[in-house]
2 protein chains.
Amino acid sequence: MSTPCGVPAEDLAPGMSASFSKTITEADIVLFAGVTGDVNAIHLDEEYAAGTAFGGRIAHGLLSAGLISATLANRLPGPGTVYLAQTLAFRAPVRPGDTVTATVTVKSVSVEKRRVVLDTWCTVGGRRVVEGEATVLAPVGRPLAARQDSSPQPVI
Amino acid sequence: MSTPCGVPAEDLAPGMSASFSKTITEADIVLFAGVTGDVNAIHLDEEYAAGTAFGGRIAHGLLSAGLISATLANRLPGPGTVYLAQTLAFRAPVRPGDTVTATVTVKSVSVEKRRVVLDTWCTVGGRRVVEGEATVLAPVGRPLAARQDSSPQPVI
């Protein structure tokens, strides 16, 4: 059992930021198509995609958006975060082999409600490919559950 | 090479609707975590998740959203659709084994710009779990590329 250790609302402030990068491989695109059922030819069919304005296959927009979800869940606010809402504008294509960097920046915090609004975007080579805004519930200010370990504990 | 055969903007009208259902398996959740990097304990760690308000693991919100993307790409407007924007509110948890039904309904169409706005939502057992709005570019009114086949064609 992992213990959430994200940043609680009372420790968050506008301007705090975190990023996460991942290279989007062909395997990612194939698996994303399988788990979602989105088999759009623009993602899977190079012969078709080469004839479109994109000039070749592109990744699902929501696959890049998933890196925003990852940044929120893993880094800021981090473990214990609950995802409430997300807006997304898909600005430019992401191609197999592109490294996507997702960035989240705190816009506003309601400590009482634990509610946090963040600017969120993804870039490839510095160019914004996805933009939007996330609303999350920040982790509570103490571990949600203590680690329960049956092994002997060191006495300090 | 597949040939897009979705519904062009001039054939779309407010109220037109389509759905797509998929059971969200544990494999889907594990693979979604892998392709996005979102390893939030609430999705992967049953011991931790059992101690939260959710009472057990839940699927990534963007995994259910992926079924909206699938409905747009596969059914309405269908093949040839380009995804421009999506808003999402995550209303209720989706658990491993739940069957999610995504529904998209045309709200407005700009034939000149090929731009279509759709109400989009996902349900589990009739309860809305995700709600939002999609903006897409509808397929063009003719096949984007004709099928090129090197095999002899029948003469009719």
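Quick caveat: nothing in here was measured; it's all calculated off a predicted structure.

K.L.:
Before we go on, may I ask you to explain the relation of the copies chain A and chain B in this structure?
P.N.:
With an axial shift of 0.0 Å and an RMSD of 0.0 Å, the rotation relating chain A to chain B amounts to 180 degrees. One copy is carried onto the other by what is essentially a two-fold rotation axis. Taking C-alpha positions as the reference, the residue of chain A nearest the rotation axis is A:Thr87, at 2.1 Å. Here 100% of the interface residues in chain A have copies in chain B that are interface residues too; the copies meet face to matching face.

K.L.:
Would you mind showing me how to read the nonpolar core here?
P.N.:
Considering soluble globular proteins, one finds that nonpolar side chains tend to be buried as a cluster. If you look at the biggest cluster of nonpolar residues, it comprises 70 residues, and the most contacted ones within it are A:Leu62, A:Ile68, B:Leu62 and B:Ile68. If we skip the residues at most four places from it in the chain, A:Ile68 touches A:Tyr83, A:Gln86, A:Leu88, A:Ala102, A:Val104, A:Thr120, A:Trp121, A:Cys122 and A:Val130.

K.L.:
Help me understand helix α4 (residues 61-74) of chain A in this model?
P.N.:
Since one α-helical turn is 3.6 residues long, residues separated by three or four positions face the same way. Residues and elements named next belong to chain A. The end-to-end C-alpha separation of α4 is 20 Å, in line with the 20 Å expected for 14 residues at 1.5 Å each. Within α4, 12 of the 14 residues are buried, leaving the element largely enclosed by the surrounding structure. Of the residues making up α4, those classed as buried are Leu-62, Leu-63, Ser-64, Ala-65, Gly-66, Leu-67, Ile-68, Ser-69, Ala-70, Thr-71, Leu-72 and Ala-73.

K.L.:
Any chance you could explain the interface of chain A and chain B here in plain terms?
P.N.:
In many analyses, interface size is given as the accessible surface area lost on bringing the parts together. Every contact between the two is made by 42 residues of chain A and, on the other side, 42 residues of chain B. The junction of chain A with chain B conceals about 3,400 Å² of combined surface from both sides, 61% of it contributed by carbon and sulfur atoms. Of all residues in chain A, A:Val35, A:Tyr48 and A:Leu62 bury the most surface against chain B, accounting for 19% of the area lost on that side. Where chain A touches chain B, the interface holds 0 salt bridges. For the interface between chain A and chain B, the tally reads 12 residue pairs in polar contact (both at pLDDT 80 or more). Only β1 (17-23), α1 (26-36), α3 (46-50), α4 and β2 (82-90) of chain A provide two or more residues apiece to the side of chain A that touches chain B. Taken together, the residues of the side of chain A that touches chain B break down into 24 nonpolar, 13 polar and 5 charged. Of the pairings in the sheet, the one linking β2(A) to strand β2 (residues 82-90) of chain B comprises 5 bridges and is antiparallel in character. Each bridged residue has a counterpart across the sheet, and for A:Ala85 the counterpart in β2(B) is B:Ala89.

K.L.:
Sorry if this is basic, but what is going on with the sheet that holds strand β3 (residues 99-110) of chain A here?
P.N.:
Strand-to-strand pairing in sheets goes through backbone hydrogen bonds, with the strands running parallel or antiparallel. If you walk across this open sheet you meet the 10 strands as β1(A)-β3(A)-β4(A)-β5(A)-β2(A)-β2(B)-β5(B)-β4(B)-β3(B)-β1(B), and the pairing is antiparallel. Among the strands making up the open sheet, the edge pair consists of β1 of chain A together with β1 (17-23) of chain B. Averaged over all neighbouring strand pairs, the angle between strand axes comes to 20 degrees, with direction disregarded. In terms of strand pairing, β1(A) meets β3(A) through 7 bridges, oriented antiparallel.

K.L.:
Can you walk me through the packing of α4(A) against helix α4 (residues 61-74) of chain B in this structure?
P.N.:
A pair of packed helices is characterised by two quantities: the angle between their axes and the separation of those axes. The geometry of α4(A) relative to α4(B) is characterised by a closest axis approach of 11 Å and an angle of 165 degrees between their N-to-C directions. In terms of orientation, α4(A) and α4(B) fall into the roughly antiparallel class. The two elements α4(A) and α4(B) meet at a crossing, and its hand is right-handed. Across the interface between the two elements, A:Leu62, A:Ala65, A:Gly66 and A:Ser69 from α4(A) touch B:Leu62, B:Ala65, B:Gly66 and B:Ser69 from α4(B).

K.L.:
I'm lost on the confidence of the model for chain A in this one. Help?
P.N.:
For residues with low pLDDT, the predicted coordinates do not support detailed interpretation. Of all residues in chain A, 88% have pLDDT values of 70 or greater, and the mean over the chain is 90. The ipTM for the predicted assembly is 0.88, set against a pTM of 0.89.

K.L.:
Would you take a moment to explain α1(A) for this structure?
P.N.:
All of the buried residues in α1(A) are A:Asp28, A:Ile29, A:Phe32, A:Ala33, A:Val35 and A:Thr36. Check the buried side of α1(A) and you find it contacts β1, α2 (41-44) and α4 of chain A together with β1, α1 (26-36) and α4 of chain B.

K.L.:
Would you mind showing me how to read the environment of A:Arg75 here?
P.N.:
All names here are of chain A. As for its placement among the helices and strands, Arg-75 is situated in the loop between α4 and β2. Accessibility expressed as a relative area gives 44% for Arg-75, which makes it partly exposed. C-alpha separation for the pair Arg-75 and Leu-137, spaced 62 residues apart in sequence, amounts to 14 Å. In contact with Arg-75, other than residues within four places in its own chain, are Ala-18, Ser-19, Phe-20 and Ala-70. Here Ser-19 takes part through its backbone oxygen, which lies 2.8 Å from a polar atom of the side chain of Arg-75.

K.L.:
What is the right way to look at the packing of aromatic side chains in this model?
P.N.:
Aromatic ring pairs are described here by two measures, namely the spacing of the ring centres and the angle between the planes. If you walk through the whole model with that rule in mind, you get 3 aromatic pairs over all chains. Between the aromatic rings of A:Phe32 and B:Phe32, the centroid separation amounts to 5.7 Å while the plane-to-plane angle is 40 degrees, which identifies the pairing as tilted. Of this pair, A:Phe32 sits in helix α1 while B:Phe32 sits in helix α1, on two different chains. In this structure, A:Phe32 and B:Phe32 share a single accessibility class: buried. The interplanar angle of 40 degrees and the centroid separation of 4.9 Å between the aromatic rings of A:Tyr83 and B:Phe90 together place this pair among those described as tilted. On the criterion of chain membership, the pair formed by A:Tyr83 in strand β2 and B:Phe90 in strand β2 is interchain, its members lying in two chains. Across the pair, B:Phe90 and A:Tyr83 agree in class, each one buried. The residue whose ring lies beneath A:Arg128 is A:Trp121, and the NZ or CZ to ring-centre distance is 4.1 Å.

About the cut-offs
Residues numbered from 1 in each chain as written. Chains lettered and ligands numbered in written order. Predicted model: local features only at pLDDT ≥ 70, side-chain atom pairs only at ≥ 80, totals over all residues. Heavy atoms only, no water. Least-squares fit on C-alpha atoms with pLDDT ≥ 70 in both. Contact = heavy atoms within 4.5 Å. Core = buried A, V, L, I, M, F, W, Y, C linked by side-chain atoms within 4.5 Å. Buried < 20%, exposed > 50% of the residue type's maximum accessible area, 1.4 Å probe, protein only. Helix = DSSP H or I, 4+ residues; strand = E, 2+ residues; numbered from the N terminus. Expected span 1.5 Å × (residues − 1). Buried area = accessible area lost by both parts, 1.4 Å probe. Salt bridge = Lys/Arg side-chain N within 4 Å of Asp/Glu carboxyl O. Polar contact = N/O pair within 3.5 Å; in protein donor to acceptor, adjacent residues only side chain to side chain. Nonpolar A, V, L, I, M, F, W, Y, C, P; charged D, E, K, R; others polar. Pairing = 2+ DSSP bridges. Axes fitted to C-alpha atoms, helices over the stretch in contact; angles between N-to-C directions. Parallel < 35°, antiparallel > 145°, perpendicular 65-115°, else oblique. Left-handed = near helix turned anticlockwise from the far one by under 90°. pLDDT = per-residue confidence, 0-100. Phe/Tyr/Trp six-rings, centres within 6.5 Å; stacked < 30°, edge-to-face > 60°. Lys NZ or Arg CZ within 6 Å of the ring centre and 35° of its normal.

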